[in-house]
Amino acid sequence: MPAVKDDEWVVAESYPLADMQEQGVSAKWLEGKWLNVAEDMALIPENNVRVSEKDGVVTVEVSMYLMECMRGF
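Predicted, not measured: the structure shown is a model, and the values here were computed from it.

Cut-offs applied
Residues numbered from 1 in each chain as written. Predicted model: local features only at pLDDT ≥ 70, side-chain atom pairs only at ≥ 80, totals over all residues. Heavy atoms only, no water. Helix = DSSP H or I, 4+ residues; strand = E, 2+ residues; numbered from the N terminus. Buried < 20%, exposed > 50% of the residue type's maximum accessible area, 1.4 Å probe, protein only. Contact = heavy atoms within 4.5 Å. Salt bridge = Lys/Arg side-chain N within 4 Å of Asp/Glu carboxyl O.

What to know about the environment of Leu35
(1) Moving on: In this fold, Leu35 is placed in helix H2 (residues 27-40).
(2) Moving on: Residue Leu35 is classed as partly exposed on the basis of its relative accessible area of 22%.
(3) Moving on: If we ignore the near neighbours within four places in the chain, the residues touching Leu35 are Pro45, Glu46 and Val49.

Comments concerning the pattern of salt bridges
Pairing of side chains with opposite charge becomes possible as their charged atoms draw close.
(1) Moving on: This model, assessed by the stated rule, comprises three salt bridges.
(2) Moving on: Of the charged contacts, one joins Lys28 and Glu31 as a salt bridge, the two residues approaching to 3.4 Å between their closest N and O atoms. Here the residue Lys28 and the residue Glu31 both occupy positions in helix H2, the gap between them amounting to three residues, near one helical turn.

Laid out in structure tokens, this is it:
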């Protein structure tokens, strides 16, 4: 599978960090959840999931390949 290009990422989830902390959820846990999904779809997890935090918001982006698998394409 070729490397995921900059325009081939889709936002899967996005949450305010404060809300996540109130619920006891970390960005690392959220990332792990999506890495497991990628692995279950027979994709290389590290190449298909990325997590970022900006301005107090944690965003999980997945490759369009992973999202298409999730949608059943």
